[in-house]
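The chain contents come next:
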Amino acid sequence: MTDLFEKSIYTLELPRVLDLLAEQAVTEEGKERCRALRPLTDPDEVRRRLAETSAAFQLLTLRGTPSFSGVKPVAAALQRADMGGALNTRELLSLAALLRCARAARDYASGEGGVRTCIDHLFASLTANRFLEDKITGSILSEDEIADAASTELADIRRHIRATSSKVREILNRLISSSQAKYLQESIITMRSGRYVVPVKSECKNEVPGLVHDVSGSGGTFFIEPMGVVKANNELRELQAREEKEIERILCELSAEAAAHKEDIIQDYDLLIMLDCIFARAGLSVRMHACQPRLATDGIDLKKARHPLLDPKTAVANDLRLGGTFHTLVITGPNTGGKTVTLKTIGLLTLMTQCGLHIPVADDSQVVVFRHVLADIGDEQSIAQNLSTFSSHMKNIVGILKEADDSSLVLFDELGAGTDPVEGAALAAAIIENARSRGALVAATTHYAELKVYAMTTPGVENASCEFDVDSLVPTYRLLIGVPGKSNAFAISKRLGLPEEIIQRAADRINAENVRFEDVLSQLERQRQEMEKEKEKASLLRREMEESARTAREYRQRLTQEKNKAAEKARMEARTIIEEARRTADQVFEELDDMRRRQEKEANWQQANERRAGLKHRLNQADDAIGVETELPPPPPTRPAKVGDTVELVKMKGTQATVLSVSKEGVLQLQAGILKVTARQDEVRVVEGETQSQKQARRIAQRSEHQLRALGASPEVDLRGMTGDEAVGALDLFLDSATMGKLTQVTVIHGKGTGAVRKAVREHLKRSRYVKTFRPGRYGEGEDGVTIVELK
């Protein structure tokens, strides 16, 4: 990348976009990498980065963002451990946090949905070490505390320490309670230099035999270790020394185990930083409402493009084209009309695309990957270098023309300004022509009428203008490609109150050719506005017709669906009737055979005739059933329902309800699911018991209900920023939801702060009927900033 390309990056304000990108990253190194991002010039590499951003955007939309909060640099610590050094507790906990993030990222990638993306291989390359992670977290509770379970030796030493400490305190408590208590300044036990002592009055120091460890600042109190506890204190110090030695051994063992997996852990760190940057790009895409452009070779085509650093609520979206039918765009119009913003938008969106970022445009936009993006924008006059505005611009232009080639995008702002207008216009046209001859795509802004004529008469060069409302003196910031712009100086001056005679004198000084040219531009502008109005009417009519056509298509689709449903229903009913008729016919034939056998045996003709008549009657009934649906007989009555009975509603077959109450008139109040209904005794049947299949169905329904409720209940609530009363109210609603969702454990996030919200939350939890137990968070869970609650 050349110095001029790097300078153009700052001119087009890409670093400001990268600062926004860094805000989306979580890790410190991820933020640094985002700020150091630079445009790629290889189309395949740009395409790969854009695909990564789109893949992360898809995952972010489906599953949210993976957590990278525990990822911290570990290379230096692992290098020291690999050389035989012992890591401290903070470094080991950082390693465990990194392993936990790697494991969580792998779980994130293998989540529900089965979506395949081009960044799956990054997740799959993570080598999470659950054994080492659990060993570290099980041995180290915090930066200042090693768990007793870290080793059996440490647990044994601490058990002896507790026993010896109790022994010393017991001896000193007897001293405090004895007749020697009168020699003490206070009846307390304290420590000096790691040994238990008692405060003795200075005048009584000889009354309490022992070792003096300290004297108060006033000299009135001696801190004496009585002789009766010297041996126990010595034993305690020995145990403490053994404890420190054992802790050092444990840390060395954990450090050696981490060093054995050094390469895997460093690889996990690099992959997580890479994923953090990729998801930061996806997060910026969400923030900017951006999308992925297509990469092309025939030109830039940006639809509804917005400058990414402007407020999207007020920024005007424009369609920007450069390339294809024209390779040079000359933008004219009044000052503050948006010409420079348009120029910067083209350059900045191109640079963002080459960095692998989505850009704020509409779908089906396309961008070209350039080897150089060169811009001369803004006033860079320098007193120190004795450069005027014109000289500073010309110095940049000279460098641009040296580097420009057929893979360059060249942007000129106010080309030829700062010198004589006639010479400046001629020079501007020559510079544009030189850049075009090198094959570069060129966009330039100007006020010179000569360049407007040049654009109108030169193939491959197109005029464009920034629209300006003369009546309100407000630019609309709309870019009109194909229409040269007017400066509108006379109209603006008149609107602002400049006397008419001054404006007329100025107009008389303009030659007739320029006047005719400006009149042509005014006429073209009026015609353009009329065409815009007609185009808007046509667009409105087309949208109405498309809406009517869409409504008609939907209506036809619904009719077709209803027709298909009715036909399918009729076919199913017909099949059911035919099957019933076949079963009846089979049964009839069986009875006929049976009747024939009996006839042969008994020769009872009269009985055979009667049976034959009965069989014919049943065949006629089966024949009728094919066309007519038989009505089922009403169910037999049951005993009167009472409170607590399960009943079935006769008119709503299969619907069961529970009897809540029975009025004097015999009217029942029923609970059917979430509905309460009333019914008479003759409208319900008492269900005396459930069959095995019904019980199994009820259990399946209950499990489904539990799962549905659990899916709707969040396992954590964030109360930070609330007052104590607000937090208690929000906590009550959360506990209701969690209990309905049948959650067993939830997390309450209240932060540390002043502790007011934490105190209010824990006081309320003590009284809550939903809560079984609660405790502060451990290391890695949020510590004292959260409370872990176990529900009944």
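The rules we used
- Residues numbered from 1 in each chain as written.
- Predicted model: local features only at pLDDT ≥ 70, side-chain atom pairs only at ≥ 80, totals over all residues.
- Heavy atoms only, no water.
- Helix = DSSP H or I, 4+ residues; strand = E, 2+ residues; numbered from the N terminus.
- Contact = heavy atoms within 4.5 Å.
- Areas by Shrake-Rupley, 256 points an atom, 1.4 Å probe, with all protein chains shown as cover.
- Core = buried A, V, L, I, M, F, W, Y, C linked by side-chain atoms within 4.5 Å.
- Buried < 20%, exposed > 50% of the residue type's maximum accessible area, 1.4 Å probe, protein only.
- Salt bridge = Lys/Arg side-chain N within 4 Å of Asp/Glu carboxyl O.
- Pairing = 2+ DSSP bridges.
- Axes fitted to C-alpha atoms, helices over the stretch in contact; angles between N-to-C directions.
- Arc of directions from axis to C-beta.
- Parallel < 35°, antiparallel > 145°, perpendicular 65-115°, else oblique.
- Left-handed = near helix turned anticlockwise from the far one by under 90°.
- Nonpolar A, V, L, I, M, F, W, Y, C, P; charged D, E, K, R; others polar.
- pLDDT = per-residue confidence, 0-100.

Asker: I'm lost on the overall build of the protein chain in this one. Help?
Answerer: Of the regular secondary structure elements, the protein chain holds 22 helices and 25 strands. Put simply, 65% of the contacts in the protein chain that link residues at least 6 apart link residues at least 24 apart. For the protein chain, the accessible area works out to roughly 45200 Å², and carbon and sulfur atoms hold 52% of it.

Asker: Help me understand the nonpolar core in this model?
Answerer: For soluble globular proteins, the rule of thumb is that nonpolar side chains tend to be buried together. Judged by nonpolar contacts, the single largest core of 50 residues is most densely connected at Leu-14, Val-17, Leu-302, Met-352 and Leu-409. Ranked by size, the runner-up nonpolar core spans 46 residues in total, among them Leu-59, Leu-60, Val-71 and Ile-146.

Asker: Is there a simple way to explain the pattern of salt bridges in this structure?
Answerer: Side chains carrying opposite charge are able to pair once their charged atoms draw close together. In the structure shown here, the tally under the stated rule is 51 salt bridges. Close ionic contact of Glu-13 with Arg-16 constitutes a salt bridge, the shortest N to O distance being 3.0 Å. Counted as one network, the salt bridges with shared partners bring together Lys-135, Glu-246, Arg-249, Glu-253 and Glu-257.

Asker: How should the sheet that holds strand 25 (residues 786-791) be read in this particular structure?
Answerer: Within a sheet, neighbouring strands are paired by backbone hydrogen bonds and run either parallel or antiparallel to one another. Ordered in space as 22-23-25-24, the 4 strands form an open sheet in which the pairing is mixed. Because the sheet does not close on itself, it has two edges, and the strands there are strand 22 (716-718) and strand 24 (771-776). Strand-to-strand twist in this sheet, taken as the mean axis angle between neighbours without regard to direction, amounts to 20 degrees. Relative to the sheet, helix 21 (residues 724-740) contacts strand 22, strand 23 (745-749), strand 24 and strand 25, its axis offset from that of strand 23 by approximately 160 degrees. Here helix 22 (residues 756-767) sits on the sheet and contacts strand 23, strand 24 and strand 25; the angle it forms with strand 24, its principal contact strand, is near 155 degrees.

Asker: How do you make sense of helix 8 (residues 130-139) when you look at a structure like this?
Answerer: Each full turn of the α-helix corresponds to 3.6 residues, which orients residues three or four apart in the same direction. For helix 8, every residue scored as buried is listed here: Leu-132, Glu-133, Ile-136 and Ser-139. The buried residues of helix 8 all sit within an arc of 150 degrees when viewed along its axis, so they share a single face. On its buried face, helix 8 is in contact with helix 6 (89-109), strand 1 (140-142), strand 2 (145-146), helix 10 (230-260) and helix 11 (262-288).

Asker: For this particular structure, what's the right way to read the pairing of strand 25?
Answerer: Within a regular beta strand, the side chains point alternately toward one face of the sheet and then the other, so they alternate between its two faces. By the criterion of burial, strand 25 is predominantly enclosed, with 5 of the 6 residues buried. Relative to strand 25, strand 23 runs antiparallel, the two sharing 5 bridges. Of the residues in strand 25, the one forming a bridge with Gln-745 is Glu-790. As judged from the 5 bridges shared by strand 24 and strand 25, these two strands associate in the antiparallel manner. Among the inter-strand pairings, Arg-775 is bridged to a residue of strand 25, identified as Ile-788.

Asker: Can you walk me through the packing of helix 6 against helix 11 in this structure?
Answerer: When two helices pack together, their arrangement is given by the angle between the helix axes and by the axis-to-axis distance. Direction vectors running N to C along helix 6 and helix 11 enclose 55 degrees, while the axes themselves pass 10 Å from each other. By the angle class used here, helix 6 and helix 11 are oblique. Both helix 6 and helix 11 take part in a crossing whose hand is left-handed. Along the contact surface, helix 6 presents Leu-95, Leu-98, Leu-99, Cys-101, Ala-102, Ala-105 and Tyr-108, while helix 11 presents Ile-265, Asp-268, Tyr-269, Leu-272 and Phe-279. Among the residues forming the contact of helix 6 with helix 11, the class breakdown is 11 nonpolar, no polar and 1 charged.

Asker: Help me out: how do you make sense of the confidence of the model for the protein chain in this one?
Answerer: Predicted coordinates in areas of low pLDDT are best not read in detail. Residues with a pLDDT of 70 or more make up 85% of the protein chain, whose mean pLDDT is 83. Per-element confidence in the protein chain is highest for helix 2 (residues 14-24), whose mean pLDDT is 95, and lowest for helix 20 (residues 692-712), whose mean pLDDT is 50. Across residues 627-632, confidence stays below pLDDT 50; counting only partners more than four residues off in sequence or on other chains, it has 1 contact. Predicted confidence for residues 704-711 stays below pLDDT 50, and this span has 5 contacts to residues more than four positions away or in other chains.

Asker: What am I meant to see in the side chain of Thr-445 here?
Answerer: Here Thr-445 lies in strand 14 (residues 441-446). Setting aside residues up to four positions removed in sequence, Thr-445 forms contacts with Ile-331, Lys-339, Leu-343, Phe-412, Asp-413, Glu-414 and Leu-415.

Asker: What should I look at first to understand unusual backbone geometry in this one?
Answerer: A negative phi angle is the norm for most residues apart from glycine, just as the trans form is the norm for most peptide bonds. Positive phi outside glycine occurs at His-289, with the angle close to 55 degrees. Residue position: His-289 is located in the loop between helix 11 and strand 7 (294-296). Residue classification places His-289 among the exposed positions, given a relative accessible area of 58%. Backbone geometry places Glu-783, a non-glycine residue, at a positive phi of 50 degrees. Take Glu-783: it is sitting in the loop between strand 24 and strand 25. Note on Glu-783: relative accessible area 32%, which makes it partly exposed.

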